[in-house]
Amino acid sequence: MKKFFLLSFLVLHLLSAQLYFLPFESRDAMHQLLRWIDQAHYKIDIAMYSFTNKKIAKRLVNAAKRGVKIRLILDEEQNLKDRYSQIGYLAKYPNIAVFTIKGKYAKRGEYYGKMHMKLAIIDNKRLIFGSANWSNSAFKRNYELLYFLDDLQKAKKSERFFERILRKAKEY
């Protein structure tokens, strides 16, 4: 009986995680990303270095119109200077709060680090993370990975980290 429960747990865990390698599996990764955004019930938190993909931005707007609260923390330097950044587009909509942040200041080099994460937390239970920014280059040209995980404990831990970063961010 114990073996059955252990095996069931392992099968469910493996089915709740999916790994995509871009650009080879871009279509499937994008489909999964958009599906998870569409399935969000109440909250999506995103920490992203670069966000230039219009298709993803439009799906977030649709989710916001359904009542999903969306918070984005984006790298300040990257998203304020990139003319393709979706920061201005997203900030216009109710239920979407956009923040920017710089990394920590490096005294020796007199520069700021980057907000280099690529993380989304959906409904405090689903995680999307990896090396891929939400950009056309990430899905079409770059060698990247995206990992989708349905894991309540890891999502809670990620949410605590997101809140910690959010306290240091400034509203766009």
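Not measured: the values here are computed from a predicted model.

Asks: Go over the overall build of the protein chain with me, naming the residues and quoting the values.
Replies: Each helix and strand in the protein chain was counted, giving seven helices and ten strands. Its C-alpha atoms give the protein chain a radius of gyration of 17 Å, near enough to 16 Å, the size a compact globule of 172 residues would have. Its C-alpha atoms give the protein chain principal-axis dimensions of about 60 × 40 × 30 Å. The buried share among the 172 residues of the protein chain stands at 45%.

Asks: Please provide a residue-by-residue account of the pairing of strand β2 (residues 43-48), values included.
Replies: The buried fraction of β2 amounts to six of the six residues, a majority that puts the element mostly inside the structure. The alternating pattern of β2 places Lys-43, Asp-45 and Ala-47 on one face and Ile-44, Ile-46 and Met-48 on the opposite face, and all of these are buried. Relative to strand β3 (residues 69-75), β2 runs parallel, the two sharing six bridges. Note on β3: the bridge partner recorded for Lys-43 is Lys-69. For the crossover from β2 across helix α3 (residues 54-65) to β3, the handedness is right-handed. Pairing geometry for β2 and strand β7 (residues 118-122), over five bridges, is antiparallel. Note that in β7 the partner of Asp-45 across the bridge is Ile-121.

Asks: Give me the lowdown on the sheet that holds β3, citing residues and values where you can.
Replies: The pairing of strands in a sheet happens through backbone hydrogen bonds and is either parallel or antiparallel. The strand order across the open sheet formed by eight strands is β1-β9-β8-β7-β2-β3-β4-β10, and the pairing between neighbours is mixed. Edge positions in the open sheet fall to β1 (17-22) and β10 (170-171), since each of these has one partner strand only.

Asks: Tell me about a positive patch on the surface, and please be specific about residues and values.
Replies: On the surface, a cluster of positive charge is made up of Lys-104, Arg-164, Arg-167 and Lys-168. When you line up the elements, Lys-168 lands in helix α7 (residues 152-168).

Asks: Describe in detail the packing of helix α2 (residues 26-39) against α3, supporting the description with residues and values.
Replies: Two quantities define a packed helix pair, namely the angle between the axes and the distance from one axis to the other. Remark: α2 packs on α3, axes separated minimally by 9 Å, with the N-to-C direction vectors making an angle of 15 degrees. Compared by their axis directions, α2 and α3 come out roughly parallel. Here α2 and α3 pass one another in a crossing that is right-handed. Facing Met-30, Leu-33, Leu-34, Ile-37 and Asp-38 of α2, the residues of α3 in contact are Lys-55, Ile-56, Arg-59, Leu-60 and Ala-63. Tallied by class, the residues present in the contact of α2 with α3 amount to seven nonpolar, no polar and three charged.

Asks: Any chance you could break down the pattern of salt bridges for me, citing the residues and the numbers?
Replies: Evaluated as defined, the whole model comprises eleven salt bridges. Residue Lys-43 pairs with Asp-45 through a salt bridge whose shortest N-O separation is 3.7 Å. Accessibility classification places Lys-43 together with Asp-45 in one group, the buried group. Of the charged contacts in the structure, one is a salt bridge between Arg-71 and Glu-163, with a shortest N-O distance of 2.5 Å. With a gap of 92 residues between them, Arg-71 in strand β3 and Glu-163 in helix α7 connect regions that are remote in the sequence.

Rules and cut-offs
- Counting from 1, residues in each chain are numbered in the order their sequence is written.
- This being a predicted model, a pLDDT of at least 70 is required before a residue's local features are given, and a value of 80 or more before pairs of side-chain atoms are given or counted; all residues contribute to the totals for chains, interfaces and linings.
- For side-chain calculations, the full set of non-hydrogen atoms in the structure is used, while hydrogens and water are omitted.
- Each helix is a run of DSSP H or I of at least 4 residues and each strand a run of E of at least 2, with the numbering of both proceeding from the N terminus.
- To get the radius of gyration, use the C-alpha atoms; to get the globule rule, take the number of residues to the power 0.38 and multiply by 2.2 Å.
- With a 1.4 Å probe rolled over the protein chains alone, any residue whose accessible area is under 20% of its type maximum counts as buried; one over 50% counts as exposed, and the rest are partly exposed.
- Whether two strands pair depends on DSSP finding at least two bridges between them.
- When the strands point away from the viewer and the path from the first strand over the helix to the second turns clockwise, the crossover is right-handed.
- A patch consists of residues exposed above 30% relative accessible area that lack any salt bridge, with like charges linked at up to 9 Å and nonpolar side chains (Val, Leu, Ile, Met, Phe, Trp, Tyr) linked at up to 5 Å.
- Residue burial considers only the protein chains on display, and all accessible areas are found by Shrake-Rupley using a 1.4 Å probe.
- For salt bridges, the criterion is a side-chain nitrogen of Lys or Arg within 4 Å of an Asp or Glu carboxyl oxygen.
- In summary, the charge assignment counts Lys and Arg as positive and Asp and Glu as negative, without counting His or the chain termini.
- Taken as the charge location is NZ of Lys, CZ of Arg, CG of Asp or CD of Glu.
- Here the axes come from fitting lines to C-alpha atoms, over the contacting stretch only for helices, and the angles between their N-to-C directions go from 0 to 180 degrees.
- Every angle not falling under 35 degrees, over 145, or within 65 to 115 is termed oblique; those three ranges are roughly parallel, roughly antiparallel and roughly perpendicular.
- Handedness of each helix crossing follows the sense of rotation of the near helix against the far helix: counterclockwise by less than a right angle gives left-handed, clockwise gives right-handed.
- Contact between two residues is taken to exist if any of their heavy atoms lie within 4.5 Å; hydrogens are not considered.
- Only Asp, Glu, Lys and Arg are considered charged in this grouping, and only Ala, Val, Leu, Ile, Met, Phe, Trp, Tyr, Cys and Pro are considered nonpolar; every other residue, Gly among them, is considered polar.

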